[in-house]
Structure formats: C-alpha cells, structure tokens
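Structural features, examined
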Amino acid sequence: MASGRRNVWRALAAEPLGVMGGAIVLTFVVMALFAPWLAPHDPFKIDVMHKFASPSLAHWAGTDQLGRDLLSRIIYGARTALGVAITATGIAGLAGILLGLVAGYGPRWLDSLLILCFDSMTSLPMIMFALAVITVLGPSTATLILVIILVSIPGYARFIRAQTLSLVRSDFILAEQAMNASTARIILLHLLPNVAGQLLVVLSMDVPVVIMLEAGLSYLSLGVKPPTPSWGNILYDGYVSLRQSPGMVIIAGIPLILATLGFTFLGEALRDALDPRLQMRTLT
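Below you will find a few notes about this structure.

Analysis parameters
- Residues numbered from 1 in each chain as written.
- Predicted model: local features only at pLDDT ≥ 70, side-chain atom pairs only at ≥ 80, totals over all residues.
- Heavy atoms only, no water.
- Helix = DSSP H or I, 4+ residues; strand = E, 2+ residues; numbered from the N terminus.
- Buried < 20%, exposed > 50% of the residue type's maximum accessible area, 1.4 Å probe, protein only.
- Core = buried A, V, L, I, M, F, W, Y, C linked by side-chain atoms within 4.5 Å.
- Contact = heavy atoms within 4.5 Å.
- Expected span 1.5 Å × (residues − 1).
- Bend = angle between axes of the 7 residues up to and from the residue.
- Polar contact = N/O pair within 3.5 Å; in protein donor to acceptor, adjacent residues only side chain to side chain.
- Salt bridge = Lys/Arg side-chain N within 4 Å of Asp/Glu carboxyl O.

Another point: unusual backbone geometry. Along the chain, Pro226 connects to Pro227 via a cis peptide bond; the corresponding omega equals 5 degrees. Assignment of secondary structure puts Pro227 in the loop between helix 9 (183-219) and helix 10 (231-240). The phi dihedral of Phe52 is positive, around 55 degrees, even though this residue is not glycine. For Phe52, the position within the fold is in the loop between helix 3 (35-38) and helix 4 (70-105). A residue is classified by how much of its surface remains accessible, and Phe52, at 23% relative accessible area, is partly exposed.

This is the structure in structure tokens:
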C-alpha cells in the first residue's frame, strides 16, 4: 500500500504540467482558506471617492465601480468558487459512488430502475434545468450547490456503475463470493477502493467546469448574490463598466483561466499516475 502511494507521488512529480497544476490549485486553496489574512482590504468596503482607480501600491489590482478593492474581492472570490465547487462535486461524488455501486453490484431490477432515473436526468439540458430550479427556489449559493449536485450525480453514478461491472467478474471478487463473503465486505473492501481513485480523477477534472458554471450563473445574477465576492459577479461588474474600466474584465477572467488550467493539468497528471501501464512507463 505504502509502495503504491510512493509510486503515485513519483509519477505525479515526474509530470511538469501536473506539478504546475498542483501549484496553481494549492495557491487557490491557500487563498480560499486564508482570505481574511491575505486580502489587503475589506472586500465589502465601499469608497466611491476612489472608484475605478488604476492599479497602484494602495490597490494592486485597482478598484471597482463602488471603490472596493479588486484584489481583495478576487481573493475572497476564490473562497466562493472553491467552496461551491468542492462542496457540490464532493457530495455528488459520494452519492454517485453509492448509487453506482448499488446499480453495478445489486439485483438486475434495481440496476434497470436506477439507469432509467439516470437517463431521465441526463436527457434534460443542464443549463435549462439549472435555470428552472433557480427560478423556482430563487438565486442563492445553496440553490446553486443543489443544482450542481443534481446535475452531476447521474454522470458519476453511471461511471461508477461501469467500473463496478468491469470488476464483478474479476478473480478476486469471484474468490470472495466462493468464500461466502458478505456483500458489504465485497463492496467496501474490494470494489470501493478500486473505483474511488478513478472517480477522484473525474472529480478533479470537473471542478473547473463547476467553477465556470458558478461564475456563469453568478454573471447572470442567478448564482451567488451580491455583495458576496464571486468571480462571476466581478466579471459582470467589469462588463457593465467596460468603458470606464476595461481592465476589470481582464482581472476577473485571469483567476477563471488559471483555475481551469490548474485543475485540468492536475487531473490529467492524476489519471496518468493512477494508470498502472502509464505509471510503469514513467517509472522506468
């Protein structure tokens, strides 16, 4: 077990893009966790006398249309983006693992019923479904997280189901069944460890998608409600104030681009590190 973990870390360290992605992700995580100490100003403080200020020593990224410090709002926006993305993908991933294992290892009738539910959910256009739920429940951070969870669960569950079906006829599973091992033992000790790593790769690749979805819905005033700092809200403010301060759009777009690249590079490196064939090629 320990040797396998060391091999994974060695494979990750051998990927320059993976190291770069991990550094970017770690930077955003530190920003989110320590935002009150890293932000140079109060992100909610309004100072209309200094609105649309250019970058300076006092305000490294300038100020917005209300005189609020943009750098501080970007730092706090990382807390919003990662909070929504990690919470939503984490809960959806756990639910996907549970439903996928039940569908893949459970009775045939339960598998068919769950697949019907998954297909019904995935047949709905994601954006239209999100708009419908937010319109009914009202825009808020909790509603946004709920929408992302509901949209993501079917995909994760189908992925885990496919992984489970590929393992149920493996020799070690058949040996456990021959020794009358309980279903709980087979699922928890054999199936779950083998499918969790692959889902972790999928989740890491989906985090930037969720971040972009949160920013897009917040841009449309259907996500995180002002004055809570959000990269989508900052992007919208920059678009509205494009003539007065064109740099706001660029400043708001930079963290979105970096977060997407960071999680994508890290996810691809994790995929290669967890693939035994690619791992052996890297280590030799």
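So that's the structure; there's more coming.
By size, the foremost hydrophobic cluster in this structure holds 60 residues, and its most contacted members are Phe28, Leu101, Ile148, Leu191, Ile211 and Trp231. The element contributing the most residues to this core is helix 4, with 14 residues. Not counting residues within four places of it along the chain, the set of residues in contact with Trp231 comprises Phe28, Ile74, Gly77, Ala78, Ala81, Ile211, Ala252, Pro255, Leu256 and Ala259. One finds Leu114, Ile115, Phe118 and Ala157 within the second-largest nonpolar core, a separate group that totals five residues.

On to helix 7 (residues 141-167). Taking 1.5 Å per residue as the helical rise, helix 7 with its 27 residues ought to reach 39 Å, and the 38 Å between its terminal C-alpha atoms agrees with that figure. At Ser152, helix 7 shows its largest kink, close to 35 degrees, and the proline Pro154 lies no more than four residues downstream.

In this section: helix 2 (residues 16-33). Because the α-helix completes a turn every 3.6 residues, residues three or four places apart line up on one side. For helix 2, with 18 residues, the first-to-last C-alpha span of 26 Å sits near the 26 Å given by 1.5 Å per residue. The secondary structure elements touched by the buried residues of helix 2 are helix 3, helix 4, helix 10 and helix 11 (247-274).

With respect to the helices and strands, Thr63 occurs in the loop between helix 3 and helix 4. A distance of 3.2 Å separates a polar atom in the side chain of Thr63 from the backbone nitrogen of Phe52. Polar side-chain contacts of Thr63 include one of 2.8 Å to the backbone nitrogen of Ala53. Leave out the neighbours within four places in its chain, and Thr63 touches His50, Lys51, Phe52, Ala53, Arg68, Asp69, Leu70 and Met248.

Next up on the list: the pattern of salt bridges. For the coordinates displayed, the defined rule picks out four salt bridges. Between Arg158 and Asp119 there is a salt bridge whose closest N-O contact spans 2.6 Å. You can see Arg158 sitting in helix 7 and its partner Asp119 sitting in helix 5 (residues 108-122), a full 39 residues away along the chain. For Arg158, a relative accessible area of 34% translates into the label partly exposed.

Looking at the secondary structure, you find Thr89 in helix 4. By relative accessible area, Thr89 is classed as buried at 5%. One polar contact links the side chain of Thr89 to the main-chain carbonyl oxygen of Ala85, over a distance of 2.6 Å. Setting aside its immediate chain neighbours within four residues, Thr89 contacts Tyr156, Leu203, Val207 and Val210.

All we've got here are geometric facts, nothing functional implied.
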